[in-house]
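Descriptive analysis of the structure
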Amino acid sequence: MGFDLLKGKRGIIFGALNDMSIAWKVAERAYEEGARFTLSNTPVACRMGEVVELGKKCEAEIIPADATNVADLENVFQKSMDVLGGKVDFVLHSIGMSLNVRKKRVYHDLDYNYLTKTLDISAISFHKMLQVAFKMDAVSEWGSVLGLSYVAAQRTFYGYNDMADAKALLESIGRSFGYIYGRERKVRVNTISQSPTVTTAGSGVKGIDGLIDFSDRMSPLGNADAADCADYCITMFSDLTRKVTMQNLFHDGGFSNVGMSLRAMTQYNKSFDTDDIETKY
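Thresholds, definitions, all that
- Residue positions within a chain follow its written sequence, with the count starting from 1.
- Per-residue local features are limited, in this predicted model, to residues with pLDDT of at least 70; the limit for side-chain atom pairs, both in listing and counting, is 80 or more; totals at the level of whole chains, interfaces and linings are taken over all residues.
- Hydrogen atoms and water are omitted, and side-chain values are computed over all heavy atoms in the structure.
- UniProt positions are given in the numbering used here, feature names are shortened, and annotations may be inferred rather than shown by experiment.
- Put simply, DSSP H or I for four residues or longer makes a helix, DSSP E for two residues or longer makes a strand, and each gets a number counted from the N terminus.
- Buried means the residue's accessible area, taken with a 1.4 Å probe over protein chains only, is under 20% of the maximum for its type, while exposed means over 50%, and partly exposed covers the values in between.
- The contact criterion used is simple: two residues touch if any of their non-hydrogen atoms lie within 4.5 Å.
- Note that accessible areas follow from Shrake-Rupley with a 1.4 Å probe, and for residues the cover is restricted to the protein chains shown.
- Think of it this way: Lys and Arg go in the positive column, Asp and Glu in the negative one, and His and the chain ends go nowhere.
- Positions of charges follow a simple convention, taking NZ of Lys, CZ of Arg, CG of Asp or CD of Glu.
- Buried Ala, Val, Leu, Ile, Met, Phe, Trp, Tyr and Cys residues form a nonpolar core when they are joined through side-chain atoms within 4.5 Å.
- Planes of paired rings set the category: under 30 degrees apart is stacked, over 60 is edge-to-face and the rest tilted, where pairs are Phe, Tyr or Trp rings (Trp by its six-membered ring) whose centres lie within 6.5 Å.
- Whether a charge sits over a ring comes down to the Lys NZ or Arg CZ being within 6 Å of the ring centre and within 35 degrees of the ring normal.

In the annotation of an unreviewed UniProt entry, the entry for the protein reads enoyl-[acyl-carrier-protein] reductase (NADH), and the organism field reads Carboxylicivirga mesophila. Its UniProt record gives the protein a comment under Pathway (unreviewed entry), which states: "Lipid metabolism; fatty acid biosynthesis."

Glancing now at the overall build of the protein. Tallying secondary structure elements over the protein gives 11 helices and 6 strands in all. When the backbone C-alpha atoms are referred to their principal axes, the protein occupies close to 70 × 45 × 40 Å. For the protein, the proportion of its 281 residues judged to be buried stands at 51%. When contacts within the protein are restricted to residue pairs at least 6 apart in sequence, those whose partners lie at least 24 apart make up 76%. Working note: accessible area of the protein is about 13800 Å², and carbon and sulfur atoms make up 53% of it. The positive charge centre, built from 32 side chains, and the negative charge centre, built from 35, are 4 Å apart in the protein.

So, on to the nonpolar core. With 30 residues, the main nonpolar core has Phe14, Phe77, Val91, Leu130 and Tyr181 as its most contacted residues. Broken down by secondary-structure element, the contributors of at least two residues to this core are β1 (10-14), α4 (70-84), β3 (88-93), α6 (112-136), β4 (139-149) and α7 (163-185). When residues in this core are grouped by element, the largest group, 7 residues, is from α6. Beyond its immediate chain neighbours, meaning those up to four positions away, valine 91 contacts Ile12, Phe14, Phe77, Met129, Val139, Ser144, Val145, Leu146 and Phe237. Counting 28 residues, the second-largest nonpolar core is a separate cluster that includes Leu6, Ile13, Leu39 and Met236.

So, on to the packing of aromatic side chains. Per the stated rule, a full pass over the model turns up 9 aromatic pairs. When the centroid spacing of 4.5 Å and the interplanar angle of 25 degrees are considered together, the rings of phenylalanine 90 and phenylalanine 237 count as stacked. With phenylalanine 90 in strand β3 and phenylalanine 237 in helix α9 (residues 226-237), this pair connects stretches of sequence that are 147 residues apart. Of the two residues examined, phenylalanine 90 and phenylalanine 237, each falls in the buried class. Here phenylalanine 134 and tyrosine 181 contribute two aromatic rings whose centre-to-centre distance is 5.2 Å and whose plane-to-plane angle is 80 degrees, an arrangement assigned as edge-to-face. One end of the pair, phenylalanine 134, is in helix α6; the other, tyrosine 181, is in helix α7, with 47 residues separating them in the sequence. In terms of burial, phenylalanine 134 and tyrosine 181 fall into one category: buried. When the ring centre of phenylalanine 134 is taken as origin, the NZ or CZ atom of arginine 185, which lies over that ring, is 4.0 Å away. Over the ring of tryptophan 142 we find arginine 242, and its NZ or CZ is 4.4 Å from the ring centre.

Next comes the structure, spelled out in structure tokens:
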């Protein structure tokens, strides 16, 4: 049941692939809250069929685009405004991919051509999206643009590889462009640092199951899942958060502020004999 938080609002959601996608959950919730929007993903993803089903369910037109291609992005924003009847009020960037992760190249042996693609797809596309929207004046005053991030932008996590660099860049773009967009057009730009989440892209990260289990045990509230993230995105798209901008917002059950939890300390102590703890520590 919705609360009409987005009633009358228009938007664009980038990155929905299947029902494991956070963007997919956001689309479902946005529709429940009264929004009208378009969906965009790569031409290949749009041909896979599942996105088509989401479009039917949410009465949303699907506009294929390569998010690293400025001309494609211009087409998405222009066509969205044509289809929806005016400027958009919210945009979601839920895009990330690393060929180094897919090809199992470790961080100290990266393929730099792959790294360039990782940064372009996962972070620079966010800048391109914002720049295109800004130049086209495609987002309404008090509109909201979100990019999805992860705490690996601040901390080192085994297996997250060059995606950590991409997320750090994504968050920096959000702050830098957020200042300009807020000052010039009263548009807010934020990133959400989400709990590790089982998605098609995330499943390629080495040790993702361990990351998910670890953060769930460490977080006082447990991990936030894709549906929880969708709820948070809806709040950020709504008028309830009109003065929030340039922030990296942790949505992770408290994980980002925990040093050592009771459960982790108990497990840690169990791994040593009492004499070892007294002698070595």
